[in-house]
Amino acid sequence: LVGSEMCIETVATVRLTAAGLLERSEDAGTTWSTLAIDMAGSWSVIAAPAYHPDSAYLGSASGEIWLSSDRGRSWQRIKRDLSPITALAIGRVIS
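A brief report on the enclosed structure follows.

Cut-offs used in this document
Residues numbered from 1 in each chain as written. Predicted model: local features only at pLDDT ≥ 70, side-chain atom pairs only at ≥ 80, totals over all residues. Heavy atoms only, no water. Helix = DSSP H or I, 4+ residues; strand = E, 2+ residues; numbered from the N terminus. Buried < 20%, exposed > 50% of the residue type's maximum accessible area, 1.4 Å probe, protein only. Contact = heavy atoms within 4.5 Å. Pairing = 2+ DSSP bridges. Salt bridge = Lys/Arg side-chain N within 4 Å of Asp/Glu carboxyl O.

Attention now moves to the overall build of the chain. When its secondary structure is counted, the chain shows 0 helices and 8 strands. When its helices and strands are written in sequence order, the chain yields β-β-β-β-β-β-β-β. Counting the 95 residues in the chain, one finds 33% classified as buried. Considering only intrachain contacts with a sequence separation of at least 6, the fraction spanning at least 24 residues in the chain is 30%.

Here it is in structure tokens:
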């Protein structure tokens, strides 16, 4: 982390900083690189399902939800035009 910046949430090898930057580590958190994803607003929350450690979801202040299923290497937008996302809860449906 740089200066007084704090990490607000970490999921596996991906984290969201207090400044709203998305970062990824390839060495278990020793070093971090900032990821650039083409999106309209700023990141507000990150969450991961406990049953699938390779996946992570991002919510944005602009009402988008993004998914990575490869530990943050690539991301795809799965929802947009929502209200600002301030929390994500990941559940598993068992039938």
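So, on to the pairing of strand β7 (residues 65-68). Of the two faces of β7, the one lined by Ile65 and Leu67 and the one lined by Trp66 and Ser68 are each fully buried. Judged from the 4 bridges that link them, strand β6 (residues 56-60) and β7 form a sheet pairing that is antiparallel. In the sheet register, Gly59 faces β7, and the bridge partner there is Ile65. Counted between consecutive antiparallel strands, the loop separating β6 from β7 contains 4 residues, among which Gly63 sits at a positive phi close to 85°.

What follows is about the pattern of salt bridges. Tallied over the full model, the rule gives 5 salt bridges. Salt-bridge contacts for Asp81 lead to Arg80; the nearest nitrogen and oxygen are separated by 3.9 Å.

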